[in-house]
Amino acid sequence: MEIFAEHLLNGLTQGAFYALVTLGLALIFGVARLVNFAHGDFFMVGGYILFLLQSTKLLSMPYAIQILIVVASLAIFGVIFEYLVVHRILERSWRVHLVATLASSIIMVNVALLIFTSDPKQVPTPYLTTIVEIFGIRISVQRLIVLVTVILVYLLLQWFLHNTKTGKAMRAISQNRDMCRVVGVDLRRISVITFAISAALAGLAAGLLAPLFAVNPSMGGLITLKGLTAVIMGGLGQISGGFYAAFILGIVESLFAGYVPGGFAYKDVISFGFIIIVLLFRPQGLFGRKIGL
Amino acid sequence: MTALFKRRELWFLVTGGVIALLLPRVFTSGIAQSIMILTGIFIIFALSYDLSVGHVGTVHLAAPTFFGLGAYTTALLGPQFGFGFIGNVMLSVVLMAVLAVLVGIPSFRLSDVTFAIGTLAFALISQIVVSNAVDITGGPLCVKGIPRPHFTLPGGFEYTITTTQQYYYLLVPLIFITIIVYRLLTTSRIGRTFVAVREDEISASAAGINPLRYKMLAFVVGAAIAGGLGSFQAQYVTVICPTELALDLTIKLLIIIFVGGTATLRGVLLGAVIFTTLPELMRNLGRINVTPVHQQILFGIILLLVITYAPGGLEELVDRLQWRESSDND
């Protein structure tokens, strides 16, 4: 029982990680109709920014401030990405989107290889080794912070999408782009804001979860794939569907790794299985059909 | 019925073919000849990928996977069955075609985007499985000692391919077969249907075309050719590692196709020659130390610039130049 609870908790943390990635991907897909194959590399960039912050011993700052800096830098990074790459190709076909984001991904990975080499970098926080006991289950404070933050961020994002003018504009664009242009929604501005939020979410994921793994240049590909898996499971471009799907994926992976003999090496194969099964039997996503964010 | 090759292209191909056959006489060094083989491999590879990407317009990310799995098919099954060179290649071709159908059916379900994602998943997962199934593939230890191509000629002559030059002459017919298959598919009724599906899927369906069938055809034939090529690669280098499945190769293929010019035989050939020969020459002749990392960054930037500003690629450039020189129309 205790072991089961531990696997479940692991899965929840993993799911929270996928959820942050998925939210970013789904936002971009909803607003810009663009699948960003470089999204996982945003996480990687965030991880290295955290690493740089930690390795400059001169200004030792609290963990919360480190996270804020990572999130802010990633938001700026997202805006730069929008200006340099996305802006020029947004109105073109999805093929162009795919090739352009894939090329960006390769550039990011190899620049990271050039600067940081392929050795994994550890970014530990003091909360990793602090263990608390809740209802007889031992959990590191880091994981607790991850879970609470992700749920808060999700609620905040939902509030933003439903109650602010910008958020409503984003939802409107995801439902009918041309009509939005007709009534005078500034598509350009919304696109930039969406990329900033999306990248900031990847940055938050990096700030929270990079300490649990090690950062290496080529980690982005698999992260993108996991995010896309959850996006497909939840129904393309649905925020809430993707969010729940991310947790399902995380928990199933964790239980598979824990209970199937030799499962740990193959836990990443599950996402492929999910994609195949969902596409075969429920191509509109697990949670029914809805248009827009 | 349109001709398999236009007249201008025929000249280009015949000259190219003669040069290809004479090249080993001019460049006799081992390094030069291995660069030539690499170029030939990428010509076949890029043509097989262009069927899907250029002609039908469905970008997928599993080309290196079919190549790698084709290589593993030969590496693992070849020595056990003793099929010989042609048998090995055919086995990889057939198995990869079947695999492509299995991957294609679910991936094509929703849209072209999910197709790209489905094939990306297939690519990443295959790499994980090949790296981890140590009992079968040896994992990172690679499969070593794959037998070289061996032919028994009529009259009891035994002939084994060992030198680089012999491999080169084994590869040249394969390139020609690929070019013929590529042309047979793309200049016939099927080829026109490919273009119809690429340009406007809805109109194509209205005209009684089943777009899915043609997307699948291009994907499966491409995968089969890539698999056969992988089999050649396995019997050429005789060592196959999980890195053969690496996604990096996709970028190289995309750059060849998009910089050369999508859906054009000459463009893809030019792209393949330029982007395999140049980096190798830079590495071997020049004193500039260009690591694969630098190369990938450069490739990424070129690909990004070309896709953004010059989607027609080199082929369009060549075409425009020729049009300006003489206004002959063929």
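Coordinates for the structure precede this section.
The structure reproduced in this document is the subject of the present report. Keep in mind that what you see is a predicted model, and the values were worked out from it rather than measured.

With 194 residues, the main nonpolar core has F37 of chain A together with F45, F66 and F232 of chain B as its most contacted residues. Element by element, the count of residues in this core is highest for helix 1 (residues 2-32) of chain A, at 15 residues. When residues no more than four places from it in sequence are discounted, the contact partners of F37 of chain A are L98, T101, L102, S105, T224 and L228 of chain A together with L61, A116, I117 and L120 of chain B.

This brings us to the interface of chain A and chain B. With 38 residues of chain A at the contact, the number on the chain B side is 41 residues. Taking both partners together, chain A and chain B bury about 3700 Å²; carbon and sulfur atoms supply 82% of that area. Summed over the three residues of chain A that lose the most area to chain B, namely W94, R95 and V99 of chain A, the buried surface amounts to 16% of that side. At the junction of chain A with chain B, the criterion picks out zero salt bridges. At the boundary of chain A with chain B, the tally comes to six residue pairs in polar contact (both at pLDDT 80 or more). At the level of elements, helix 3 (63-89), helix 4 (94-116), helix 9 (220-234), helix 11 (263-266) and helix 12 (269-281) of chain A are the ones that each hand at least two residues to the side of chain A that touches chain B. For the side of chain A that touches chain B, the element with the highest residue contribution is helix 4 of chain A, accounting for 15 residues. Tallied by class, residues from the side of chain A that touches chain B come to 30 nonpolar, four polar and four charged.

So, about the environment of Y48 of chain A. Residue and element names in this part refer to chain A. Along the polypeptide, Y48 turns up in helix 2 (residues 39-55). On the accessibility criterion, Y48 (3% relative accessible area) is buried. Those residues in contact with Y48, other than ones at most four positions away along the chain, are A112, F116, T117, K121, V215, N216 and P217.

Conventions and cut-offs
- Residues numbered from 1 in each chain as written.
- Chains lettered and ligands numbered in written order.
- Predicted model: local features only at pLDDT ≥ 70, side-chain atom pairs only at ≥ 80, totals over all residues.
- Heavy atoms only, no water.
- Core = buried A, V, L, I, M, F, W, Y, C linked by side-chain atoms within 4.5 Å.
- Buried < 20%, exposed > 50% of the residue type's maximum accessible area, 1.4 Å probe, protein only.
- Helix = DSSP H or I, 4+ residues; strand = E, 2+ residues; numbered from the N terminus.
- Contact = heavy atoms within 4.5 Å.
- Buried area = accessible area lost by both parts, 1.4 Å probe.
- Salt bridge = Lys/Arg side-chain N within 4 Å of Asp/Glu carboxyl O.
- Polar contact = N/O pair within 3.5 Å; in protein donor to acceptor, adjacent residues only side chain to side chain.
- Nonpolar A, V, L, I, M, F, W, Y, C, P; charged D, E, K, R; others polar.

Just geometry here; none of it tells us what the structure is for.
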